[in-house]
Amino acid sequence: DAKTTQPNSMESNEEEPVHLPCNHSTISGTDYIHWYRQLPSQGPEYVIHGLTSNVNNRMASLAIAEDRKSSTLILHRATLRDAAVYYCILRVNSGGSNYKLTFGKGTLLTVNP
Amino acid sequence: DSGVTQTPKHLITATGQRVTLRCSPRSGDLSVYWYQQSLDQGLQFLIQYYNGEERAKGNILERFSAQQFPDLHSELNLSSLELGDSALYFCASSSAGTSFGEQYFGPGTRLTVT
């Protein structure tokens, strides 16, 4: 089964950029990479997703390696509100319109004031 | 507020019992997803429905079942409950069918099996 690997935890200072890595060495050509985050006592929240090209939105940027075996979520200026568990997720096609969702263990991001 | 509602917020029941968790998706969303989050297993995808039909299946046990009704709300039924079923159960919705695009998660139902 395709899976993702993330560091258990990372620390950052407020207003500094944060780079959250994810390895997905068994990814195949049609698998999408998604990132969600979960703030304390809340449900997960969509951050960004991509297939091959780098992606930007108002929350973050997603940098995908050329071989697609890894990706990095970039928060350009961390705020205290960004402290959360960040999940790197693969949407893996398993034939036809069926797919499986493979969650990583998540990275706990701590943001220091 | 994501616009997804889940009831009840908390549920305490005994082993062997059956419970039903309810989810109302965001207005206009046709897809509903169910997830289980426990301390040892993390966040696991259970099942997806799209406009009343089952679309994708994850690590859902045979003791668990779900359905989506014509008004698009969904129910997750858990039967013959075991201690290990204690977890947070999240529902999410999206407008997408087969693509796992942006999903909006509800606040979750915390199930405690004693």
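Residues numbered from 1 in each chain as written. Chains lettered and ligands numbered in written order. Predicted model: local features only at pLDDT ≥ 70, side-chain atom pairs only at ≥ 80, totals over all residues. Heavy atoms only, no water.

Residues and elements named next belong to chain B. As paired elements, strand 5 (residues 42-50) and strand 6 (residues 53-57) share four bridges and run antiparallel to each other. Note that in strand 6 the partner of Gln48 across the bridge is Ala56. Where strand 5 folds back onto strand 6 in an antiparallel hairpin, the turn is made up of two residues, including Asn51, whose phi is positive at roughly 50°. (Pairing = 2+ DSSP bridges. Helix = DSSP H or I, 4+ residues; strand = E, 2+ residues; numbered from the N terminus.)

Before going further, it helps to spend a moment on the environment of Asp1 of chain B. Residue and element names in this part refer to chain B. Mapped onto the elements of the fold, Asp1 is located in the segment before strand 1 (5-7). In this structure Asp1 comes out as exposed when scored by relative accessible area, which is 98%. With twelve residues separating them in the primary sequence, Asp1 and Thr13 have C-alpha atoms 28 Å apart. Looking at Asp1, its side chain comes within polar contact range of the main-chain nitrogen of Gly3, at 3.0 Å. (Buried < 20%, exposed > 50% of the residue type's maximum accessible area, 1.4 Å probe, protein only. Polar contact = N/O pair within 3.5 Å; in protein donor to acceptor, adjacent residues only side chain to side chain.)

Right, let's talk about the sheet that holds strand 7 (residues 64-68) of chain B for a bit. Residue and element names in this part refer to chain B. Spatial strand order, 1-3-8-7: four strands in an open sheet with antiparallel pairing. On the outer flanks of this sheet lie strand 1 and strand 7, each paired with one strand and no other. Between one strand and the next, the sheet's axes are offset by a mean angle of 15°, whatever the strand orientation. Pairing of strand 7 with strand 8 (residues 74-78) involves five bridges; the strand directions are antiparallel. Bridging from a neighbouring strand, Phe64 pairs with Leu78 of strand 8. (Axes fitted to C-alpha atoms, helices over the stretch in contact; angles between N-to-C directions.)

Turning our eyes to something else, we now look at the nonpolar core. Residues and elements named next belong to chain A. Grouped together as the largest cluster of nonpolar side chains are 22 residues, with contacts concentrated most on Leu20, Ile33, Trp35, Leu73, Leu75, Tyr86 and Leu109. Elements represented by at least two residues in this core include exactly strand 2 (18-23), strand 3 (32-38), strand 4 (45-50), strand 6 (61-64), strand 7 (70-75), strand 8 (84-93) and strand 10 (107-112). With five residues, strand 8 is the single largest residue contributor to this core. (Core = buried A, V, L, I, M, F, W, Y, C linked by side-chain atoms within 4.5 Å.)

With that settled, the discussion passes to the pairing of strand 9 (residues 87-94) of chain B. Successive side chains on a regular strand alternate, one facing one side of the sheet and the next facing the other. Residue and element names in this part refer to chain B. For strand 9, a buried count of eight out of eight residues is recorded, marking the element as mostly surrounded by other parts of the structure. Pairing of strand 4 (residues 31-38) with strand 9 involves seven bridges; the strand directions are antiparallel. When the bridges of strand 9 are listed, Trp34 appears paired with Cys91. With three bridges joining them, strand 9 and strand 11 (residues 109-113) adopt antiparallel strand pairing. Paired with Ala87 across the bridge in strand 11 is Leu111. In this sheet, strand 10 (residues 104-105) lies alongside strand 9 in antiparallel orientation, the contact comprising two bridges. Across the sheet, the residue bridging to Ser93 is Tyr104, located in strand 10.

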